[in-house]
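In case you want the letters, here they are:
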Amino acid sequence: PHPPPLHQHSHGLWEPCESHQRCLNEKLLFSMLHGFFLGLCIGVHYFVSKEFFLAFPSIQQPKLFRLRGHVWSHLWEGLRWSLWSLCYFYPAFFLLGSYPRNLLTQLFDLHLRHGDSGAVVHLSSLAGLMDAVLLLQVALLGAVQHTLWALGLRLFRIFHTEAVRFPVVATFSGETPRLLVTALNAKNTPLLNYLGYLDLYQLSLHSVQRRKQVYSLDQSGQPAVWRDISKASLELISSMVTRLGGDLSVPTSTPLPPPSSSYSLSSPATSTSRGWPEVPRPSPPVVTRRHMYDEQARLWTHCPQGVQAALGPKPPQPRQSVASILLSKAKGLLLKLSQLPHTAAQSLKRKPFFAYFLSELPDTHNQELFRDCRLQVWAVSSLSELAASSYAEDTYGVVQRTLPSIFTTLIILSQALDKHVKVPLSSSKSTRNVRVALETNGKYAVKAAVQTALHRLGTTFSKELRFMVNSLL
């Protein structure tokens, strides 16, 4: 037989059938709808699981090794996702598959293909869905679709979280925008800022030659590199200290005065169990005559007609146009409409049943404070590593002037963290869950980094600190 003409071949959703008509390709429609359904499920899971966050790996590896270790896992995950979506898509297509089919046939003037017996066999029927070849085809296409999406997302993460090596000292004048200090101060570009602190963290751990560049002096004899790096890191740590200090729920108490000889330590009314005098309670405010006059001036806001006549007529008010009046009323109406959700939420919070779902959880405030603290962890670790390494590598002693600021900032941060961090009890949860919580929660990561940094600095400068304590005593 002769091959059919070129215009009779399949054109996507339609294909040639008997008597020179165009018939709907239901199998292709089924595959396209399944792809749309699977893509919708993947997108919802992407946002629900918060996969849009970039997690920087603790150990940096080449891109090929990081990708090769996830290929087979993505293949199996894609097949599992495809089979899972088919379990829900088949019943949905059986119930609702006739609507898109009828819409396409009416819109493009298509016909339905007849079976061998001459009857029209719909794919949305039980007889049409019992097709093993179609099931295998759709399952494989869904697995390939999910695998390609997962590998693309993996490549995106690998490319953006790969460590970038910034030059510490500019060799030429054109390298100034690419310096490490520029990346540390790039507050408006979060990814560049993250990569800069990651490079600083890697520098402080593994690169002796680059650490010497940090401790070096410029042409004028000033430690410009160390000054800029320590300033940027200390400002970042101080911002967390300010954020924690401003959000503390415990009020700060004023120090008590030292005991004096005029206090009787044996009297229970004027002393405590430790011998310190009690702080007198604040007395009620004294109402003076001036306060009474101010209160009367606030109360007498309405003047009698005689007094108003004596004061003179009111100044004429400027007339407003109709357009300005309508505009002000429209703004007031929009303001009320914008406050409707807040008002409704406040009214629902008064009811115990809805208040349980609308109220914040007890630990929500702390989680919001430590939501994005990876930069602080890197800054704390980098400063402590650089300061500890300077004990043997700093030839000019450029770090010595900054050591008091580093110690003070870390100690204040540790004190602020003590008021927010509560280590979970092992009796209420299993050891594995506690370990996972300690690794994933940001506040525990910051606390561990600060404790490690203080221990590292205290061990390195133990002789100098002991000499300072002895000199003060």
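Residues numbered from 1 in each chain as written. Predicted model: local features only at pLDDT ≥ 70, side-chain atom pairs only at ≥ 80, totals over all residues. Heavy atoms only, no water.

**Student:** Looking at this structure, I do not really get the overall build of the chain. What am I missing?
**Tutor:** Assigned secondary structure in the chain consists of 21 helices and two strands. By residue count, 29% of the 473 residues in the chain fall in the buried class. By sequence separation, contacts in the chain at least 24 residues apart represent 70% of the contacts at least 6 residues apart. (Helix = DSSP H or I, 4+ residues; strand = E, 2+ residues; numbered from the N terminus. Buried < 20%, exposed > 50% of the residue type's maximum accessible area, 1.4 Å probe, protein only. Contact = heavy atoms within 4.5 Å.)

**Student:** How should the packing of helix α1 (residues 26-48) against helix α3 (residues 71-96) be read in this particular structure?
**Tutor:** The geometry of a pair of packed helices is captured by two quantities: the angle between their axes and the separation between those axes. In contact at an axis separation of 10 Å, α1 and α3 are set at 120 degrees when each is read in the N-to-C sense. Judged on the interaxial angle alone, α3 and α1 are oblique. Judged by the twist between their axes, the crossing of α1 over α3 is right-handed. Packed against α1, whose contacting residues are F30, L33, H34, F37, L38, C41, I42 and H45, the element α3 presents W81, S82, W84, S85, L86, Y88, F89, Y90 and F93 at the interface. A per-class count over the contact of α1 with α3 returns 13 nonpolar, four polar and no charged. (Axes fitted to C-alpha atoms, helices over the stretch in contact; angles between N-to-C directions. Parallel < 35°, antiparallel > 145°, perpendicular 65-115°, else oblique. Left-handed = near helix turned anticlockwise from the far one by under 90°. Nonpolar A, V, L, I, M, F, W, Y, C, P; charged D, E, K, R; others polar.)

**Student:** Even after reading the chapter, I still don't get a nonpolar patch on the surface, so can you show me in this structure?
**Tutor:** A cluster of nonpolar side chains, namely L348, F353, F354, Y356, F357 and L358, defines an oily patch on the protein surface of about 670 Å² accessible area. In terms of residues, the nonpolar patch owes the most to one element, helix α15 (residues 352-358), which gives five residues. (Patch = residues over 30% accessible without salt bridge, like charges linked within 9 Å, V, L, I, M, F, W, Y side chains within 5 Å. Areas by Shrake-Rupley, 256 points an atom, 1.4 Å probe, with all protein chains shown as cover. Salt bridge = Lys/Arg side-chain N within 4 Å of Asp/Glu carboxyl O.)

**Student:** Got a minute to help me understand the packing of aromatic side chains in this structure?
**Tutor:** Here a ring pair, both rings aromatic, is described through the centre-centre distance and the interplanar angle of the planes. The final tally for this structure, using the stated rule, is 16 aromatic pairs. With a centroid separation of 5.5 Å and an interplanar angle of 10 degrees, the aromatic rings of F56 and Y194 are classed as stacked. With F56 in the loop between α1 and α2 (63-68) and Y194 in helix α8 (residues 190-206), this pair connects stretches of sequence that are 138 residues apart. Here F56 and Y194 have matching classes, each one buried. Judged by centre distance (6.2 Å) and plane angle (80 degrees), the ring pair of Y194 and W378 falls under edge-to-face. You can see Y194 sitting in helix α8 and its partner W378 sitting in helix α17 (residues 374-393), a full 184 residues away along the chain. For the pair shown, Y194 and W378 are each scored as buried. (Phe/Tyr/Trp six-rings, centres within 6.5 Å; stacked < 30°, edge-to-face > 60°.)

**Student:** Looking at this structure, I do not really get the nonpolar core. What am I missing?
**Tutor:** Buried together is how nonpolar side chains tend to be arranged in soluble globular proteins. One finds Y197 and L413 to be the most contacted residues of the largest nonpolar core, which totals 51 residues. When contributions to this core are tallied by element, the ones reaching two or more residues are α7 (180-184), α8, α10 (224-246), α17, α18 (403-418) and α20 (442-460). Once residues within four sequence positions are removed from consideration, L413 is found in contact with I237, M240, V241, L244, V380 and V450. If you look at the next biggest cluster of nonpolar residues, it comprises 10 residues, including F30, L86, L129 and A139. (Core = buried A, V, L, I, M, F, W, Y, C linked by side-chain atoms within 4.5 Å.)

**Student:** Could you clarify how one ought to interpret the pattern of salt bridges in this entry?
**Tutor:** Pairs can form between side chains of opposite charge whenever their charged atoms are close. This structure, assessed with the given rule, holds six salt bridges. When the shortest N-O distance is used, the salt bridge between K27 and D131 registers 3.4 Å. Of this pair, K27 sits in helix α1 while D131 sits in the loop between α5 (126-129) and α6 (132-160); the two residues are 104 residues apart in sequence, bridging distant segments of the chain. Of the charged contacts in the structure, one is a salt bridge between D418 and K447, with a shortest N-O distance of 2.3 Å. Of the two residues, D418 sits in helix α18 while K447 sits in helix α20, which places them 29 residues apart along the sequence.

**Student:** For this particular structure, what's the right way to read unusual backbone geometry?
**Tutor:** For residues that are not glycine, phi is negative in most cases, and the peptide bond is trans in most cases. Positioned with a positive phi, K50 is a non-glycine residue whose angle comes to about 55 degrees. One can find K50 in the loop between α1 and α2.

**Student:** Can you walk me through α6 in this structure?
**Tutor:** Structural remark: α-helix, 3.6 residues per turn; residues separated by three or four positions point the same way. The end-to-end C-alpha distance of α6, which contains 29 residues, comes to 42 Å, matching closely the 42 Å that a straight helix rising 1.5 Å per residue would cover. Within α6, burial applies to L134, V138, A139, G142, A143, H146, T147, A150, L153 and I158. The inward-facing, buried residues of α6 contact α1, α2 and α3. N-cap assignment for α6: the residue whose side-chain oxygen lies 3.3 Å from the backbone N of V133 is D131. (Expected span 1.5 Å × (residues − 1). Polar contact = N/O pair within 3.5 Å; in protein donor to acceptor, adjacent residues only side chain to side chain.)

**Student:** What's the story with the layout of surface pockets in this structure? I'm lost.
**Tutor:** A water-sized probe rolled over the atoms picks out the places where empty space is left. Volume-wise, the largest pocket comes out at about 1,400 Å³. Among the secondary structure elements, those contributing two or more residues to the lining of the largest pocket are α8, α16 (364-369), α17, α19 (431-440) and α20. By residue number, the principal contributor to the lining of the largest pocket is α8, which donates eight residues. (1 Å grid on protein atoms, 1.4 Å probe; cavity = no way out; pocket = protein on both sides within 12 Å on 5 of 7 lines; lining within 4 Å. Points joined across faces, edges and corners; volume = space filled by probe spheres on them.)

**Student:** Is there a simple way to explain the side chain of R211 in this structure?
**Tutor:** Looking at where R211 falls in the secondary structure, it is placed in helix α9 (residues 208-214). Once residues lying within four places of it in the same chain are set aside, the contact partners of R211 are L203, S204, L205, H206, L386, S389 and E393.

**Student:** When you look at the packing of α3 against α6 in this model, what are you seeing that I'm missing?
**Tutor:** Direction vectors running N to C along α3 and α6 enclose 130 degrees, while the axes themselves pass 7 Å from each other. As summarised for this structure, α3 and α6 are arranged oblique, according to the angle between their axes. The chirality of how α3 crosses α6 is right-handed. Between α3, through V71, H74, L75, E77, G78, L79, W81, S82, L83, L86 and Y90, and α6, the contact on the second element is made entirely by L135, V138, A139, G142, A143, H146, T147, A150, L151 and R154. Within the contact of α3 with α6, the residues separate by chemical class into 13 nonpolar, six polar and two charged.

**Student:** Mind showing me how you'd approach the side chain of K447 here?
**Tutor:** K447 gets classed as buried once you look at its relative accessible area, which sits at 12%. A distance of 2.3 Å separates a polar atom in the side chain of K447 from a polar atom in the side chain of D418.

**Student:** Help me out: how do you make sense of the environment of S31 in this one?
**Tutor:** Looking at where S31 falls in the secondary structure, it is placed in helix α1. Each C-alpha atom, one on S31 and one on V138, is 5.9 Å from the other, the two residues being 107 residues apart in sequence. When residues no more than four places from it in sequence are discounted, the contact partners of S31 are L134, Q137, V138 and L141.

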